[in-house]
Amino acid sequence: MPIPRRHFDALIIGAGGAGLNAALRLASAELRVAVVSKVFPTRSHTVAAQGGVNAALANVLPDHWHWHMFDTVKGSDYLGDQDAIETMCREAIPTVYELEHAGVPFSRLENGKIYQRAFGGQSQQFGGEQAARTCAAADRTGHAILHTLYQQNIRARTHFFDEYFAIDLIRDSEGVVLGALVLGIEDGEPLVIAAKTTLLATGGYGQVFRTNTNAFINTGDGMAMALRAGIPLQDMEFYQFHPTGVAGKGMLITEAARGEGGYLVNADGERFMERYAPSARDLASRDVVARAIVSEIRAGRGCGAQKDYVLLKVDHLGAEVVHQRLPGICDICRVFLGIDPAQAPIPVFPTAHYAMGGIPTDPQARVIMPARHGPEEVVPGLYAAGECACVSVHGANRLGGNSLLDILVFGRAAGQDILRYVSENPHHRPLTDEDIEPGLARLQRWARRGDGERVSVIKAELRKLMEDHCGVFRDQETMSHGVAKLTALRERLDIVRLQDHSQVFNTARIEALELDNLLDVGTATLMAALAREESRGAHSRVDFPERDDTHWLKHSLYSLSEDRIDYKPVRTKPISVDSFPPKPRVY
Ligand SMILES: Cc1cc2nc3c(=O)[nH]c(=O)nc-3n(C[C@H](O)[C@H](O)[C@H](O)COP(=O)(O)OP(=O)(O)OC[C@H]3O[C@@H](n4cnc5c(N)ncnc54)[C@H](O)[C@@H]3O)c2cc1C
């Protein structure tokens, strides 16, 4: 039986902040827009964002987008592309006002302006005093933003395919992207969504690590789809470990806890960040704080019977501030730890949080392919935005509050460029049965019921492997062992058992598809990390402890089909201001 087809001007895969901000722009311009999401849109991980979104509004302390740009370049350990960073920091200001007008209930100051809090890595005057740049709706900012964007999309008549799982992109023989093959999760039926443009906005892949802050759905599907379509992934070795996850569990305790005045102590009760970052202390960049915590524990100064965590104190701030500014954190502490953070310190340990790397794009969110000879090429009809993309504004380390900003700014940029593309390419291109073949083959591969182990067994091993072999501190020997184990895992996945008595068959199939994706992005991460012989941002090599700008100030590109890594230069030229040249990074 032929597979049913639906036609749209624009297909958006992913209903987080990036996908919905792009969709809103397009639906408001009367385009026919389809948004596909494997969960109900408001369950996308954006909903969990706690601390806030950065914009140099200067509501609390003096500020300027150019200072924001400096902090972001420095935070990226000079690996971020400065044209994209300038775009993001300038656009931040109108973006937040646009959200305010769309109905996001931001927390307010006494004078009615949007409240802004201090976050890590923020400064005034290019590295001076701490800035206060993060606009927040208490500690539930992502929730406020995602619900507002969803409601605005309903009003603009965006067409939602809720609980549809994207299998693979559809590309024709000339390489033009024609849409995607998706699967109805409820009925298990495939569907072709043909579109003039396709935007990947599928979010991150934190589930590849055992202890992480991410939703269960963050399995890197869009990134793996890009890999299978022949598009390399950029800078995958840079994965952020957030310093303050609930110890042993991984749930996020937002940086806002430190922004509001909280601080870390070791078993001796010492404020150890003073030794690692004398001026910024607890509000140093995340990579710096995460390494400091792990170093304290390795030096035997961890807390508890196992000496395996440190404490985050906010109890000195008073119950009123803690309960009003950090209500979500209070909930997490009550439910998972049985404590009230206004009374008792929180046990914390670094937890896998955010992918700096992803699908390479330009600042218009168009997916770009490296050409081995000559200039980069745009993949026609394909866009990527949000955590699955690498534009690259975060380089080797993202600053808190810059991801919500990234997804909104580049989600909207994607919408704008799609409008241009569709007006220049008004007709659907022919889509043949052969174009769908690769996606169907993948689907069929996961329709048979092998006799090996269960998906969950292999997944648990993968997550443990990534944590043990590609964590906060890395070295050649540990990572090489990790690569060997990954290869063995892939062989076991080939004969995975899809049905058992406790699972519905289709659910197991989705889990297998996700695990397949996780294995691909995990491989990209580990291979790129093994190849980069320096320490920069979140990538910290014990055997190469220094940053090496002479050899390594460049982006990595991992391609699956050839299992190889190429490199491309950093775009160091901003649009309208001078470059910030690399300097030693101290906080
Ligand atoms: C706990 C937590 C707190 C955070 N707090 C902050 C913060 O305070 N400030 C900040 O700046 N950043 C924060 N971040 C980071 C930020 O929230 C995320 O990077 C960002 O929200 C990602 O948005 P996105 O639109 O790219 O993807 P997501 O919001 O993750 O959405 C991905 C979408 O893709 C869909 N999808 C994925 N795969 C498929 C598939 N195969 N088929 C169909 N649909 C698919 C999903 O259903 C979902 O709709 C936080 C992250 C976490 C985990």
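Cut-offs and rules
Residues numbered from 1 in each chain as written. Predicted model: local features only at pLDDT ≥ 70, side-chain atom pairs only at ≥ 80, totals over all residues. Heavy atoms only, no water. Salt bridge = Lys/Arg side-chain N within 4 Å of Asp/Glu carboxyl O. Helix = DSSP H or I, 4+ residues; strand = E, 2+ residues; numbered from the N terminus. Buried < 20%, exposed > 50% of the residue type's maximum accessible area, 1.4 Å probe, protein only. Near = heavy atom within 4 Å. Polar contact = N/O pair within 3.5 Å; in protein donor to acceptor, adjacent residues only side chain to side chain. Nonpolar A, V, L, I, M, F, W, Y, C, P; charged D, E, K, R; others polar. Pairing = 2+ DSSP bridges. Contact = heavy atoms within 4.5 Å. Core = buried A, V, L, I, M, F, W, Y, C linked by side-chain atoms within 4.5 Å. Domains from an automatic or database assignment.

Looking at the pattern of salt bridges
- Applying the stated criterion to the full structure yields 52 salt bridges.
- Arg-412 is the salt-bridge partner of Glu-91, the closest N and O atoms lying 2.6 Å from each other. Of this pair, Glu-91 sits in helix H3 (residues 82-102) while Arg-412 sits in helix H11 (residues 402-424); the two residues are 321 residues apart in sequence, bridging distant segments of the chain.
- Glu-91 gets classed as partly exposed once you look at its relative accessible area, which sits at 30%.
- Several salt bridges share partner residues, and in doing so they unite Asp-77, Glu-237, Asp-287, Arg-291, Arg-532, Glu-534, Arg-536, Arg-547, Asp-549 and Arg-585 into one network.

Thoughts on the site of the ligand
- By nearness alone, 38 residues border the ligand, and Ser-44, His-45, Thr-46, Glu-387 and Leu-404 come closest of all.
- The contact in question runs from an oxygen atom of the ligand to an N or O atom on the side chain of Ser-37, over 2.8 Å.
- One nitrogen or oxygen atom from the main chain of Ala-166 is found 2.8 Å from a nitrogen atom belonging to the ligand.
- Those elements that provide at least two residues to the shell around the ligand are helix H1 (17-28), strand E2 (33-37), strand E7 (164-171), strand E14 (346-355) and H11.
- Here the shell around the ligand gets 4 residues from one element, more than from any other, and that element is H11.
- The residue makeup of the shell around the ligand, split by class, is 14 nonpolar, 20 polar and 4 charged.

Some thoughts on the sheet that holds strand E5 (residues 134-135)
- Ordered in space as E3-E5-E4, the 3 strands form an open sheet in which the pairing is antiparallel. Two strands bound the open sheet, and with one partner strand each, they are strand E3 (53-54) and strand E4 (116-117).
- For E4 and E5, the ladder comprises 2 bridges, and the chain directions are antiparallel. When the bridges of E5 are listed, Arg-117 appears paired with Thr-134.

Things to note about the environment of Asn-214
- By secondary structure assignment, the location of Asn-214 is in the loop between strand E9 (190-200) and helix H5 (221-228).
- For Asn-214, a relative accessible area of 10% corresponds to the buried category.
- The sequence separation of Asn-214 and Leu-252 amounts to 38 residues, and the corresponding C-alpha distance is 8.7 Å.
- Leave out the neighbours within four places in its chain, and Asn-214 touches His-45, Tyr-205, Gly-206, Gln-207, Tyr-239, Ala-352 and His-353.

Some remarks on the nonpolar core
- With 137 residues, the main nonpolar core has Leu-200 and Ile-359 as its most contacted residues.
- With 12 residues, the top contributor of residues to this core is helix H15 (residues 505-531).
- When residues of this core are sorted by domain, at least three fall in each of domain 1 (5-238 + 356-434) and domain 3 (446-543).
- In contact with Leu-200, not counting residues within four places along its chain, are Ile-13, Leu-169, Gly-222, Met-225, Ala-226, Ile-359, Leu-382, Tyr-383, Ala-384, Ala-385 and Cys-388.
- Counting 29 residues, the second largest nonpolar core, distinct from the first, contains Ala-256, Ile-293, Leu-312 and Val-322.

Concerning the environment of Val-322
- Residue placement: Val-322 occurs in helix H9 (residues 319-325).
- The sequence separation of Val-322 and Asp-475 amounts to 153 residues, and the corresponding C-alpha distance is 40 Å.
- Those residues in contact with Val-322 that lie beyond four places of it in its chain are Val-314, Leu-317, Pro-327, Cys-330, Pro-341 and Ala-342.

A look at unusual backbone geometry
- In this structure, the amide linkage connecting Val-391 to the following residue, Ser-392, adopts the cis form with an omega of -5°.
- Within the secondary structure, Ser-392 is located in the loop between strand E18 (389-390) and H11.
- Although it is not a glycine, Tyr-78 sits at a positive phi angle of roughly 70°.
- Within the secondary structure, Tyr-78 sits in the loop between helix H2 (65-75) and H3.
- The class of Tyr-78 is buried, set by a relative accessible area of 4%.
- Positive phi is not limited to glycine here, since Arg-281 has a value of about 45°.
- By secondary structure assignment, the location of Arg-281 is in the loop between helix H7 (273-276) and helix H8 (286-298).

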